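This is what each chain is made of:
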Amino acid sequence: MDIQLYDKYGFNPNCPSPAEAHPSDTYGKSLELSARLEADILTNPQNHVLLTGDRPTGRLHIGHYFGSLLNRVRLSGLGVKTYIVIADYQVLTDHEVFSEIAQNTKQLVIDYLAAGLVPGENCVIFPHSYVPELNQLMLPFLTLVSNAELERNPTVKEEIGAAALKSVNAGMYTYPVHQACDILFCKGTVVPVGKDQLPHLEMTRLIARRFNEKYALKKPILPAPFALLSKSPNILGLDGSQKMSKSRNNAVFLSATEDETAALIKKAQTDGNRTITYDPVNRPEVANLLVLVSLSTGDAPEAVAARIGDGGAGALKKALTEALNEKLRPLRAERARLEKDPAHIRRVLLDGVERACKTAHQTLTEVRRAMNMEI
Ligand code: TRP
């Protein structure tokens, strides 16, 4: 990567400026930066390194699929160098159960490949626990942030509230620094994430900037990454709750059968109004089902609503079941094939680990050199 692209703070002058990227960013600002980033990726895919990740806590559902997976497949298909980190260590911050992490990791890989990601030189998929030199960045990075900064992270605070842990472990407060290691080990510049991850990206930018200022002022080595926010609408749970999530039993998994999909949709929450209209504000549950038909077929939600009209919730659910099952059929067939080939999944992971280790080694060498710690 051409370091000239970055100013002394590690910011790319062709992209958002340091002032704009200050931690006081508003969501609106982030959306604007994200749109500019998207435009730059389309014209100069070779100038960007995309990194994103998932915690291996379970299988992916259609919310993940429409909200992020399809976007990753699209961007990676443009030729942007892509890293997908499976954040297995992060699971330990708020889960007591650890016995399923490796199993979930493999299921994630199956979902990725079935959705169309092609692993290899341009798409590196790996669990971060397997990349020692990525983890080694954690120690110098921890010295670049204060306890107060760790404690005020709103996403961490929310997770502490939601996890109802007996006691909060230090990993909970420090994982955003580890996430900075995930992003900076490969000099990631584009991070497709949801809104909840913005504080972590601010933390990553802060670390990159402070590192460059302290250790690499003349020749910055860590670029500042920016969020690429999803443009697809937020998918609600089928029970009408705010978020589709496996713990609430309101999600259609990519791995579900067509019958399971039909049964879940049958139980989906709607309202008493028989005439189907697209009104996200007043009829969020019906709108959510219409959006899902729209995402599955490519037709606008208003057009789907008009077609169903007085057919009522029954007709809407039938339309959604058919559309979604049809959309997911090839993915599910590929999924089933991959499930029968665990050796291949393991090879994909080990190949990703090898590539990630090479990159991490290069970055750690540069970091060590900048810190004057090379012997
Ligand atoms: N924190 C992210 C989540 O909960 C997962 C993650 C780990 C991640 N490392 C990352 C996302 C690096 C983007 C970049 O979903």
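Residues numbered from 1 in each chain as written. Predicted model: local features only at pLDDT ≥ 70, side-chain atom pairs only at ≥ 80, totals over all residues. Heavy atoms only, no water.

Undergrad: Explain unusual backbone geometry residue by residue, including any values.
TA: Positive phi, normally seen in glycine, also occurs at Lys 187, with a value near 55°. Since its relative accessible area comes to 10%, Lys 187 is described here as buried. Unusually for a residue other than glycine, Asn 249 sits at a positive phi of about 60°. Looking at the secondary structure, you find Asn 249 in the loop between strand 5 (226–229) and helix 11 (258–266). (Buried < 20%, exposed > 50% of the residue type's maximum accessible area, 1.4 Å probe, protein only. Helix = DSSP H or I, 4+ residues; strand = E, 2+ residues; numbered from the N terminus.)

Undergrad: Can you explain a nonpolar patch on the surface? Please cite residues and give values.
TA: Residues Tyr 89, Leu 92 and Phe 98 make up a contiguous nonpolar surface patch of roughly 330 Å² in combined accessible area. As for its placement among the helices and strands, Phe 98 is situated in the loop between helix 3 (88–91) and helix 4 (101–115). (Patch = residues over 30% accessible without salt bridge, like charges linked within 9 Å, V, L, I, M, F, W, Y side chains within 5 Å. Areas by Shrake-Rupley, 256 points an atom, 1.4 Å probe, with all protein chains shown as cover. Salt bridge = Lys/Arg side-chain N within 4 Å of Asp/Glu carboxyl O.)

Undergrad: Can you break down the side chain of Asn 104 residue by residue, with the values?
TA: Examined against the element boundaries, Asn 104 turns out to sit in helix 4. From its side chain, Asn 104 meets the backbone oxygen of Pro 56 in a polar contact 3.2 Å long. Apart from residues lying up to four places away in sequence, Asn 104 is in contact with Pro 56, Thr 57 and Gly 58. (Polar contact = N/O pair within 3.5 Å; in protein donor to acceptor, adjacent residues only side chain to side chain. Contact = heavy atoms within 4.5 Å.)

Undergrad: Can you tell me about the site of the ligand, naming the residues and giving the values?
TA: For the ligand, the set of nearby residues contains 13 residues, the closest of which are Arg 55, Gln 90, Gln 179, Asp 182 and Gln 197. Between Arg 55 and the ligand, the recorded distance is 3.3 Å, taken from a side-chain N or O atom to an oxygen atom. Look at the ligand: alone it shows 370 Å² of surface, and the protein chains cover 89% of it. Residue assignment for the shell around the ligand shows that the elements contributing at least two residues are strand 1 (49–54), helix 9 (170–184) and strand 4 (190–193). (Near = heavy atom within 4 Å.)

Undergrad: An account of the packing of aromatic side chains is requested, with residue identities and associated values reported.
TA: The full count for this structure, using the stated rule, is 5 aromatic pairs. Look at Tyr 83 and Phe 185: their rings are 5.6 Å apart centre to centre, the planes differ by 75°, and that puts the pair in the edge-to-face class. Of this pair, Tyr 83 sits in strand 2 (residues 81–86) while Phe 185 sits in the loop between helix 9 and strand 4, and the two are 102 residues apart along the sequence. In this pair, the class of Tyr 83 matches that of Phe 185, namely buried. Between Phe 141 and Phe 211, the ring centres sit 6.4 Å apart and the planes meet at 70°, which makes this aromatic pair edge-to-face. Remark: Phe 211 occurs in helix 10 (residues 198–215) and Phe 141 occurs in helix 6 (residues 138–142); sequence separation between them is 70 residues. For the residue pair Phe 141 and Phe 211, the accessibility class agrees, reading buried in each case. Through successive ring pairs, a cluster of aromatic residues spans Tyr 83, Phe 126 and Phe 185. Seen from the ring of Tyr 175, Arg 55 lies directly overhead, with NZ or CZ sitting 4.8 Å from the centre. (Phe/Tyr/Trp six-rings, centres within 6.5 Å; stacked < 30°, edge-to-face > 60°. Lys NZ or Arg CZ within 6 Å of the ring centre and 35° of its normal.)

Undergrad: Describe in detail the pattern of salt bridges, supporting the description with residues and values.
TA: As enumerated under the stated definition, the model contains 17 salt bridges in all. With a closest N to O distance of 2.9 Å, Arg 337 and Glu 334 form a salt bridge. Placement of the pair is Arg 337 and Glu 334 together in helix 14 (residues 312–339), with a separation of 3 residues, close to one helical turn. You can call Glu 334 partly exposed: its relative accessible area is 26%. Three or more residues are tied together by salt bridges with common partners; here these are Lys 81, Glu 121, Asp 351 and Arg 355.

Undergrad: An account of the pairing of strand 3 (residues 123–127) is requested, with residue identities and associated values reported.
TA: Counting buried positions along strand 3 yields 5 of 5 residues, so the element is predominantly enclosed. Here strand 3 shows no split at all, with Cys 123, Ile 125 and Pro 127 on one side and Val 124 and Phe 126 on the other all buried. Strand direction decides the pairing type here: strand 2 and strand 3, joined by 5 bridges, are parallel. Paired with Tyr 83 across the bridge in strand 3 is Val 124. (Pairing = 2+ DSSP bridges.)

Undergrad: With reference to specific residues and values, describe the confidence of the model for the protein chain.
TA: Of all residues in the protein chain, 93% have pLDDT values of 70 or greater, and the mean over the chain is 91. Below a pLDDT of 50 lies the segment residues 1–24, which in the model reaches 53 contacts outside its immediate sequence neighbourhood of four places, other chains included. (pLDDT = per-residue confidence, 0-100.)

Undergrad: So what's going on with the pairing of strand 4? Residues and values would help.
TA: Neither face of strand 4 is exposed, since Val 190 and Pro 192 on one face and Val 191 and Val 193 on the opposite face are all buried. By the bridge criterion, 4 bridges tie strand 4 to strand 5 in an arrangement that is parallel. By the bridge assignment, Val 193 is partnered in strand 5 with Leu 229. As for the winding sense of the linkage, the β-α-β connection from strand 4 through helix 10 to strand 5 is right-handed. (Right-handed = clockwise from strand over helix to strand, strands pointing away.)

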